[in-house]
Amino acid sequence: MTDDAGVVSLGQDGVISKWTRNNQSHWQWAKLLDAGKEDSICFAYQRDRIAVAFPRVGVKVWIWIKGTWQPQRSILRQNVTSIRFVEDGEALIGGTSDGVLWYCEVPNGTLRAYAFLKSKVLHLDVNSSGTYALVSQSGGRAHLVGIQQMDHKGKIEQVYTANGDSGGENKQGAGAVFAHGCRLVLFGTMDSNMLVWDKAKGEILCGYDHDGEQVQAVAVSGRNSCDKGSNVHIVTGTKSGLLSWWKPFSTE
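Residues numbered from 1 in each chain as written. Predicted model: local features only at pLDDT ≥ 70, side-chain atom pairs only at ≥ 80, totals over all residues. Heavy atoms only, no water.

Undergrad: What should I look at first to understand the side chain of arginine 49 in this one?
TA: The residue arginine 49 is located in strand β5 (residues 49–54) in this model. Looking at arginine 49, the relative accessible area reads 11%, which means it is buried. In terms of polar contacts, arginine 49 uses its side chain to reach the side chain of glutamate 90, at 3.4 Å. Once residues within four sequence positions are removed from consideration, arginine 49 is found in contact with Ala44, Trp62, Ile63, Trp69, Phe85, Gly89, Glu90 and Val106. (Helix = DSSP H or I, 4+ residues; strand = E, 2+ residues; numbered from the N terminus. Buried < 20%, exposed > 50% of the residue type's maximum accessible area, 1.4 Å probe, protein only. Polar contact = N/O pair within 3.5 Å; in protein donor to acceptor, adjacent residues only side chain to side chain. Contact = heavy atoms within 4.5 Å.)

Undergrad: Help me understand the pairing of strand β11 (residues 112–116) in this model?
TA: Two faces belong to every sheet, and in a regular strand the side chains alternate between them. When strand β10 (residues 100–105) meets β11, the two strands line up antiparallel, connected through 4 bridges. Of the residues in β11, the one forming a bridge with tryptophan 102 is alanine 113. Between β10 and the antiparallel strand that follows it, β11, lie 6 residues. (Pairing = 2+ DSSP bridges.)

Undergrad: Please clarify how the sheet that holds β11 should be interpreted in this entry.
TA: Pairing between sheet strands relies on hydrogen bonds along the backbone, with the strands arranged either parallel or antiparallel. Pairing is antiparallel in the open sheet, where 4 strands are placed in the order β8-β9-β10-β11. If you trace the sheet from one side to the other, it starts and ends with β8 (80–86) and β11, each paired once. Adjacent strand axes in the sheet meet at a mean angle of 20 degrees when their direction is disregarded. (Axes fitted to C-alpha atoms, helices over the stretch in contact; angles between N-to-C directions.)

Note that every value here comes from positions in space, so none of it alone points to a role or purpose.
What follows is the structure in structure tokens.
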């Protein structure tokens with residue numbers, strides 16, 4: 001949620017929930033909407049907008065209007081595996097099982113293919129200014145793609161290849177994410193070290209050692225261009241349930 005005010009989740013039953021903390025640091029649960037009983041793959045949330053991807057019917061979209069979540073026109077793109085809102089919620093980007101990166105304005109835009117990346121898209125992340133997407137794929141690769149091109153085509157600007165512990169889809173764990181003012185990329189593991197990359201150069205700078213544990217989740221806050229030092233937080237989670245809080249790698 002905005003300003004890390006809470007957590008929004010999609011359950012296996014299709015219910016989208018919101019968890020927020022009150023002044024006593026107790027978590028409160030609230031139901032936002034029921035997306036349906038079909039098998040959902042992933043979802044995206046931004047303030048007054050929710051999108052949920054389904055393998056057969058495409059992406060369903062809801063907008064908060066006059067106190068209720070109103071369904072909008074669906075995006076009829078099947079086999080979507082990851083979605084993210086961009087342009088302050090005015091559009092969606094998505095990836096598919098056959099490696100297509102697409103873009104569509106919400107709620108009445110034209111579906112456009114931005115890039116053809118050949119292998120299954122596992123995860124998407126977008127930088128704070130909405131100009132770049134990190135596209136994680138099966139096979140231990142992630143692409144940095146420019147997504148604000150005048151010709152409505154994505155431009156591949158960097159490739160990050162992890163040849164260590166991340167070769168298989170089941171071993172790949174967490175998808176690539178931006179960190180430290182979007183100057184760094186966290187992606188892949190080698191000898192149980194989560195790799196830290198220079199975004200522009202595509203070079204490995206260091207690794208966060210997890211002592212034999214397999215990383216499967218990463219959370220980053222303070223990713224705006226002006227955030228640094230104490231405003232930046234990196235938390236990783238392993239398959240066995242270990243949570244680790246990391247001091248960001250200095251780029252200065």
